[in-house]
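Structural characterization, general
This is what each chain is made of:
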Amino acid sequence: MGGGRASRLPQSLRARTTLAVGALALIFLSLIGTAVNYLVLDRVQQHLSQESLRAAAVYMQSLQPGRPQPPAPTTRIDLLQLVDSRGRVVAASAAAAGRPALTTMKPPADDPEQDRVECSARDGCVMVTALRVPSLVTAQLWQGEPHFVYAGMVEPAVLATDNLELFTAAGIVAITGLVAWGNWWVAGRTLRPMATIRERMSEITVSDLSLRVPTPPGRTEYALLVGTINRTLARLEEAVRQQRRFAATTSHELRTPIAGLRTSLEEAVLYPDDVDPRQTIREALSTTQRLEMIVDDLLVLARLRAGEHAVRERIDLGALVREEAANRSGRVPIRVRAAQDVRVLGSRIQLIRVLDNLLANALRHADHEVVVTAERIGGLAVVTVTDDGDGIAPPDRERVFERFVRLEAGRRREQGGSGLGLTISRDIAHAHDGTLLIEDSPRGARFVLRLPGVHDLQGEPSPSQRSAAPKAPPSRPQAPARHGAKAPRRDQARVRCKNPPADGE
């Protein structure tokens, strides 16, 4: 059952799932890492810029007339310089002493605060904030000559190197690996029941359908799936069992007439002087007709079991019962009580076949009369066919609907028949969403056919009641054939054999 491919499927699914989750995690974490990295760097730069601005403002407030005092930083902003308009350092902190001007920025009066990162080969990179001394102060101290205060510090490692990016990338890779591993582990636990199902399904073969898949505990999706699989296996096992039984019984039923036909023909060939050829031909023709009848019934039964839809139309079942009873002839009379407008939606050919089978069966077993009724009970159209014969014992009432089952009383009364008449009749009833049962009767057998009635007698049938099959006239009669010549019926909508036998009892 494709064990090799099936064994690779869960692993492949597990791997694809893990790769997909890992890729999504990598993309998601990369976006988050990039955003976090940017926010950290921006936060550090803003904080250092504000701190530099405060240090420059504090030093600016300490300026007095005369020679400016060197600034004495109290924070980590240790680079402080007072620079004149020509870029000369007037005063500087201890850390900035001996350095040239930290920057060449000279903020204008309308934008007195500016930030910049200045880099040099000797001193590295320095974050500098330039603050223009207010014009009122420069007028008092330097006759209006512009002066500037530079405050800054050497750029910290978090900004000067790529360590933050490297740490972020390493964290992203580590978390992605953890997510992928976790998904691989979870997928393995999740797909473990699938592996059990796969292994058990690989053990099931057509020759042994008795195995079932172990059902996981709880009401999980896997438990529901296993339940569906086991129910399907049970139906498949029953179908295979029925098919084998059907093949065995069919081969037996066909072997008997074929063997008789071959024996008759061999006798005619071996003993031409002792065998009447006309009698041999008549017997061969009779056997051939029986074989044809069995094959036809098998085809009809196969189509019904395959769910093949027939053309549906609105039918007055009471009128159809009266018509079929009037066209039957036998050794006992048929008494009909059919109500008006007992309407159903169905296949006329198939319903005629059911009525013919039931009437032929009743005529064969009746002693004095057959009673047929058609009436509406609730929402159902009910047809009963009752004979006054010996009846059918309750243990045999379901057996007679099986294929090729003929009770001993039926064999004594009449030979021949395909043994499929009642089986086909019940399948036709089921195809019309109805039932065909044998119910209790004071005397004889009472067959009851129930079909859904049609209540809307004026409108057209609804689409759900119509068959999807295209309309086409039947090319072959559906009723089982009897020995003897066929005669056309006055009803031109169909053709059937005269007095077809119904088998099953």
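What this report covers is the structure whose coordinates are included nearby. Keep in mind that this is a model prediction, so the values were computed, not measured. (Residues numbered from 1 in each chain as written. Predicted model: local features only at pLDDT ≥ 70, side-chain atom pairs only at ≥ 80, totals over all residues. Heavy atoms only, no water.)

**Comments concerning the overall build of the protein**
Broken down by element type, the protein carries ten helices and twelve strands. Considering only contacts within the protein whose residues lie at least 6 apart along the sequence, 66% involve residues at least 24 apart. For the protein, the accessible surface area stands at approximately 28600 Å², while carbon and sulfur atoms represent 58% of it. (Helix = DSSP H or I, 4+ residues; strand = E, 2+ residues; numbered from the N terminus. Contact = heavy atoms within 4.5 Å. Areas by Shrake-Rupley, 256 points an atom, 1.4 Å probe, with all protein chains shown as cover.)

**Focus on the packing of aromatic side chains**
Summed over the entire model, instances satisfying the criterion amount to one aromatic pair. Here the aromatic rings of Phe-401 and Phe-447 are separated by 6.3 Å at their centres, their planes lie at 75°, and the arrangement is edge-to-face. With Phe-401 in the loop between strand E10 (380-387) and helix H9 (408-413) and Phe-447 in strand E12 (residues 446-452), this pair connects stretches of sequence that are 46 residues apart. Taking relative accessible area as the criterion, Phe-401 reaches 6% and is therefore assigned buried. Taking relative accessible area as the criterion, Phe-447 reaches 1% and is therefore assigned buried. Of note, Arg-426 hangs over the ring of Phe-401, and the distance from its end group to the ring centre comes to 3.9 Å. (Phe/Tyr/Trp six-rings, centres within 6.5 Å; stacked < 30°, edge-to-face > 60°. Buried < 20%, exposed > 50% of the residue type's maximum accessible area, 1.4 Å probe, protein only. Lys NZ or Arg CZ within 6 Å of the ring centre and 35° of its normal.)

**Some words on helix H7 (residues 317-326)**
Those residues of H7 lying buried are Leu-317, Gly-318, Leu-320, Val-321, Glu-324 and Ala-325. One side of H7 holds all its buried residues, which, seen down the axis, span an arc of 160°. (Arc of directions from axis to C-beta.)

**Comments concerning the pattern of salt bridges**
Scanning the entire structure with this criterion turns up 16 salt bridges. With a closest N to O distance of 3.1 Å, Glu-118 and Arg-116 form a salt bridge. Using a relative accessible area of 38% as the deciding quantity, one classes Arg-116 as partly exposed. Between Arg-450 and Glu-439 there is a salt bridge; the shortest N-O distance is 2.8 Å. Taken as a pair, Arg-450 in strand E12 and Glu-439 in strand E11 (residues 435-439) lie far apart in primary sequence, eleven residues in all. (Salt bridge = Lys/Arg side-chain N within 4 Å of Asp/Glu carboxyl O.)

**Describing the sheet that holds strand E4 (residues 124-132)**
In spatial order, the strands read E2-E1-E5-E4-E3; together these five strands make up an open sheet with antiparallel pairing. Two strands lie at the open edges of the sheet, namely strand E2 (89-92) and strand E3 (113-120), each paired on one side alone. Strand-to-strand twist in this sheet, taken as the mean axis angle between neighbours without regard to direction, amounts to 25°. As paired elements, E4 and strand E5 (residues 147-154) share seven bridges and run antiparallel to each other. Across the sheet, residue Met-127 finds its bridge partner in E5, namely Met-153. (Pairing = 2+ DSSP bridges. Axes fitted to C-alpha atoms, helices over the stretch in contact; angles between N-to-C directions.)

**Thoughts on the nonpolar core**
In terms of nonpolar packing, the biggest core is built from 42 residues, with Leu-317, Val-370, Val-383 and Phe-447 touching the most fellow members. Elements with a minimum of two residues in this core: helix H6 (277-305), H7, helix H8 (348-365), strand E9 (370-377), E10, helix H10 (421-431), E11 and E12. Counting residues per element, this core draws most heavily on H8, which supplies eight residues. Listed in part, the 21 residues of the second largest apolar core include Leu-41, Tyr-59, Leu-80 and Val-149. (Core = buried A, V, L, I, M, F, W, Y, C linked by side-chain atoms within 4.5 Å.)

**Description of the side chain of Asn-230**
Its place among the elements puts Asn-230 in helix H5 (residues 221-270). The class of Asn-230 is buried, set by a relative accessible area of 13%. Setting aside residues up to four positions removed in sequence, Asn-230 forms contacts with Arg-212, Val-213 and Thr-215.

**Looking at H10**
Within H10, nine of the eleven residues are buried, which leaves it mostly tucked inside the rest of the structure. Along H10, the positions that sit buried rather than exposed are Gly-421, Leu-422, Thr-423, Ile-424, Ser-425, Arg-426, Asp-427, Ile-428 and Ala-429. Following H10 by one or two positions, Asp-433 adopts a phi angle in the positive range, close to 60°.

**Here we look at the state of the cysteines**
What the rule picks out here adds up to one disulfide. The disulfide that involves Cys-119 links it to Cys-125, with 2.0 Å between the sulfurs. In this structure, the disulfide formed by Cys-119 and Cys-125 twists by about 105° around the S-S bond and is classed as right-handed. Taking relative accessible area as the criterion, Cys-125 reaches 25% and is therefore assigned partly exposed. (Disulfide = S-S within 2.5 Å.)

**Some points on a negative patch on the surface**
A cluster of acidic residues, Asp-110, Asp-111, Glu-113 and Asp-115, forms a negative patch at the surface. Looking at the secondary structure, you find Asp-111 in the loop between E2 and E3. When its relative accessible area of 36% is taken as the criterion, Asp-111 is described as partly exposed. (Patch = residues over 30% accessible without salt bridge, like charges linked within 9 Å, V, L, I, M, F, W, Y side chains within 5 Å. Lys, Arg positive; Asp, Glu negative; His and termini not counted. Charge placed at Lys NZ, Arg CZ, Asp CG, Glu CD.)

**Some remarks on the sheet that holds E9**
Within a sheet, neighbouring strands are paired by backbone hydrogen bonds and run either parallel or antiparallel to one another. One open sheet accounts for five strands, arranged E7-E9-E10-E12-E11; its pairing is mixed. Both edges of this open sheet fall to strand E7 (334-338) and E11, since each of them pairs with a single strand only. Pairwise comparison of adjacent strand axes, ignoring direction, gives a mean angle of 15° for this sheet. Where E7 lies against E9, five bridges are found, and the strand directions are parallel. Bridged to Val-336 within E9 is Val-372. Taken strand by strand, H7 contacts E7, E9, E10 and E12, and its axis lies near 170° from that of E7.

**Observations regarding unusual backbone geometry**
In this structure, Gln-143 takes a positive phi of about 50° despite not being glycine. Position of Gln-143 among the secondary structure elements: in the loop between helix H2 (135-142) and E5. Residue classification places Gln-143 among the exposed residues on the basis of a relative accessible area of 71%.

**Observations regarding the packing of H7 against H8**
Contact geometry of H7 with H8 gives a least axis separation of 10 Å together with a crossing angle of 50°. Classified by the angle their axes make, H7 and H8 are oblique. When you trace H7 past H8, the crossing you get is right-handed. The residues of H8 that touch H7, namely those facing Leu-317, Leu-320, Val-321, Glu-324 and Ala-325, are Arg-348, Leu-351, Ile-352, Leu-355, Asp-356 and Leu-359. When its residues are assigned to classes, the contact of H7 with H8 shows eight nonpolar, no polar and three charged. (Parallel < 35°, antiparallel > 145°, perpendicular 65-115°, else oblique. Left-handed = near helix turned anticlockwise from the far one by under 90°. Nonpolar A, V, L, I, M, F, W, Y, C, P; charged D, E, K, R; others polar.)

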